[in-house]
Amino acid sequence: MSQTSAALGRIQPSATLAMSARVNALKAEGVDVIGLSAGEPDFDTPDFVKEAGIAAIRNNLTRYTDVDGTAGLKDAVAFKFKRDNGLEYKRSQISVNSGGKHTLFNALVATVDAGDEVIIPAPYWVSYPDIVNFAGGTPVFIEAPASQRYKITPAQLDAAITPRTKWVMLNSPSNPSGAAYSAEELKALGEVLRRHPHVLVMTDDMYEHVWYAPTPFATIAQVCPDLYDRTLTVNGCSKAFSMTGWRIGFAGGPEWIIKAMGKLQSQSTSNPCSISQAAAMAALTGDQDFLEERNAAFRKRRDMVVAMLNDAPGLDCPTPEGAFYVYPDASGLIGKTTPKGAVIDSDEALIGYFLDEARVAAVHGAAFGLSPAFRISYATSDEVLKKACTRIQEACAALK
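Right, let's walk through the structure included here. Quick caveat, the model's predicted, so the values are computed rather than measured.

1. Quick word on the overall build of the protein
Phase 1: The number of helices and strands found in the protein is 14 helices and twelve strands.
Phase 2: Taken over the C-alpha trace, the protein has a radius of gyration of 21 Å; the compact-globule value for 400 residues is 21 Å, and the two agree within 12%.
Phase 3: Overall size of the protein, expressed as C-alpha extent along the three principal axes, is 60 × 55 × 55 Å.
Phase 4: Counting all 400 residues of the protein, 55% fall into the buried class.

2. Regarding the pattern of salt bridges
Phase 1: Applying the stated criterion across every chain, the model contains 23 salt bridges.
Phase 2: With a closest N to O distance of 3.3 Å, Asp47 and Lys50 form a salt bridge. Here the residue Asp47 and the residue Lys50 both occupy positions in helix α3 (residues 47–58), the gap between them amounting to three residues, near one helical turn.
Phase 3: On the basis of relative accessible area, Asp47 is assigned to the exposed category, the value being 55%.
Phase 4: The closest approach of N and O atoms between Lys151 and Glu321, which form a salt bridge, is 3.7 Å.

3. Focus: the layout of surface pockets
Over the atoms rolls a probe the size of a water molecule, and its path tells where empty space is left.
Phase 1: Considering only enclosed or pocket space, the largest pocket measures out at about 540 Å³ in volume.
Phase 2: Lining the largest pocket are 26 residues, and of these Leu17, Gly39, Lys101, Trp125 and Lys239 lie nearest its centre.
Phase 3: Sorting the residues of the lining of the largest pocket by element identifies α2 (15–28) and α5 (100–111) as the ones contributing at least two each.
Phase 4: A domain split of the lining of the largest pocket shows at least three residues from each of domain 1 (6–44 + 290–398) and domain 2 (47–285).
Phase 5: What the second largest pocket holds in volume is close to 340 Å³.

4. Some remarks on the packing of aromatic side chains
Phase 1: Scanning all chains against the criterion turns up 18 aromatic pairs.
Phase 2: Measuring from centroid to centroid gives 5.4 Å for Trp211 and Phe217, while their planes differ by 90°, and the two rings are edge-to-face. Take Trp211 and Phe217: they sit in the same class, and that class is buried.
Phase 3: On the numbers, 6.1 Å between centres and 35° between planes, the contact of Tyr353 with Phe354 is tilted.
Phase 4: Since its relative accessible area comes to 7%, Tyr353 is described here as buried.
Phase 5: Three or more aromatic residues joined by ring pairs form one cluster here, namely Phe43, Tyr207, Phe298, Phe324 and Tyr325.

5. Looking at the sheet that holds strand β6 (residues 200–204)
Phase 1: In space, the seven strands of this open sheet follow the order β2-β8-β7-β6-β5-β3-β4, with mixed pairing throughout. Where the open sheet ends on each side, the last strands, each with one partner, are β2 (94–97) and β4 (138–143). Averaged over all adjacent pairs, the angle separating strand axes in this sheet is 20°, with direction ignored.
Phase 2: Bridging between strand β5 (residues 165–171) and β6 involves five bridges; their strand directions are parallel. Bridge pairing links Val168 to Val201 in β6.
Phase 3: Packing of α5 onto the sheet brings it into contact with β2, β3 (117–122), β5, β6, β7 (231–236) and β8 (249–252), and relative to β5 it is tilted by some 165°.

6. Structural notes on the packing of helix α4 (residues 71–85) against helix α11 (residues 274–285)
Phase 1: Across the interface, α4 lies against α11 with an axial gap of 9 Å and an inter-helix angle of 25°. Considering their axes alone, α4 and α11 lie roughly parallel with respect to each other. α4 and α11 meet at a crossing whose hand is left-handed. Facing α4, whose interface residues are Gly72, Leu73, Ala76, Val77, Phe79, Lys80 and Arg83, α11 presents Gln277, Ala280, Met281, Leu284 and Thr285.
Phase 2: Classifying every residue of the contact of α4 with α11 gives seven nonpolar, three polar and two charged.

7. Overview of the pairing of β3
Working note: regular strand, side chains alternate between the two faces of the sheet.
Phase 1: Of all six residues making up β3, six are buried, and the element is well covered by its neighbours.
Phase 2: The side-chain alternation of β3 yields two buried faces, one formed by Glu117, Ile119 and Pro121 and the other by Val118, Ile120 and Ala122.
Phase 3: Note: β3 against β4, six bridges, orientation parallel. Each residue of the ladder has a partner; that of Val118, found in β4, is Pro139.
Phase 4: What joins β3 to β4 is helix α6 (residues 127–135), and the crossover it makes is right-handed.
Phase 5: Across three bridges, the pairing between β3 and β5 is parallel. Within β5, the residue paired with Ile119 across the bridge is Val168.

Rules of the game
- Residues numbered from 1 in each chain as written.
- Predicted model: local features only at pLDDT ≥ 70, side-chain atom pairs only at ≥ 80, totals over all residues.
- Heavy atoms only, no water.
- Helix = DSSP H or I, 4+ residues; strand = E, 2+ residues; numbered from the N terminus.
- Rg over C-alpha atoms; globule rule 2.2 N^0.38 Å.
- Buried < 20%, exposed > 50% of the residue type's maximum accessible area, 1.4 Å probe, protein only.
- Salt bridge = Lys/Arg side-chain N within 4 Å of Asp/Glu carboxyl O.
- 1 Å grid on protein atoms, 1.4 Å probe; cavity = no way out; pocket = protein on both sides within 12 Å on 5 of 7 lines; lining within 4 Å.
- Points joined across faces, edges and corners; volume = space filled by probe spheres on them.
- Domains from an automatic or database assignment.
- Phe/Tyr/Trp six-rings, centres within 6.5 Å; stacked < 30°, edge-to-face > 60°.
- Pairing = 2+ DSSP bridges.
- Axes fitted to C-alpha atoms, helices over the stretch in contact; angles between N-to-C directions.
- Contact = heavy atoms within 4.5 Å.
- Parallel < 35°, antiparallel > 145°, perpendicular 65-115°, else oblique.
- Left-handed = near helix turned anticlockwise from the far one by under 90°.
- Nonpolar A, V, L, I, M, F, W, Y, C, P; charged D, E, K, R; others polar.
- Right-handed = clockwise from strand over helix to strand, strands pointing away.

Written out as structure tokens, the structure is:
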């Protein structure tokens, strides 16, 4: 008899967090390793947000709050959705959670039963299928290769939907690829979803404000308002506001889903940190001008990394429209041999080679459901990125 639950046995540890832990261990040993595996902006939390958190402590806002967020923060989330996305939500349609991952977990665990199918475009964020598996559902993957700019087509979506489909998950801009759906592309997917009224839509917009495309950011409930009543729009403070450690995610959606998420949260984490909620209120309602300056820095880094990786033998790196990741196709390196005689037979072997020989840490594509490829986060300094990409170029050139 197993000492752990069957549900726990259905999931794997996060590959991205595992690589980050390995990098930290190597650094503690004094190894000169460059970690590009963590999806975390290198900018500091804005001062006005930090001050709001400090003020919350001084004003003794350190007690329990409502389970799924204070009224003040729910109002701030509603304000954000209206200002940025043209979406109207009441407090009863908003859930506040301990980070975006917690939001997704609550929504899926509260709604998915054994046998339910959840459509997940690949490449995908590593946690999506594991949360579905934990809930007892069945992940259904749609592969969107580099030739499709890592985006699924309406025909692919239509072919994947069955009577057992519970959710379709969309992530734009995407982790890991940075691919972003335009309003017109979302409308085309919406045309398919209209023909399948039993399907719910979960859109993960966490990287909304890390955006480089020439057209404005769009989310599906915004461009397909008739899908509003079956769409959960997920977002948070982690990426745009550099608040990864504050742990605030949120969602707007149908009242029945929000109520179900709150019921689950009442028996798990209870409320998100009260201090973080006060800081999040400031983040969502305060001056947003700093976002443009940070985006300019990310865009500059993106352009440098894409150019340098495309100069590496065997790599093909599409230019992402958002987020702070690149996802180069490594097909040209599979089957090659390292200077020590090892065969690169997978993207996991390639990443091991980069770590051991070039001392650069990335995450292999198999962890994101689409191989052979790997993910690099360029949320670090220009100097570090240039050094890392040079090492990767040299490592690729050394393969025979």
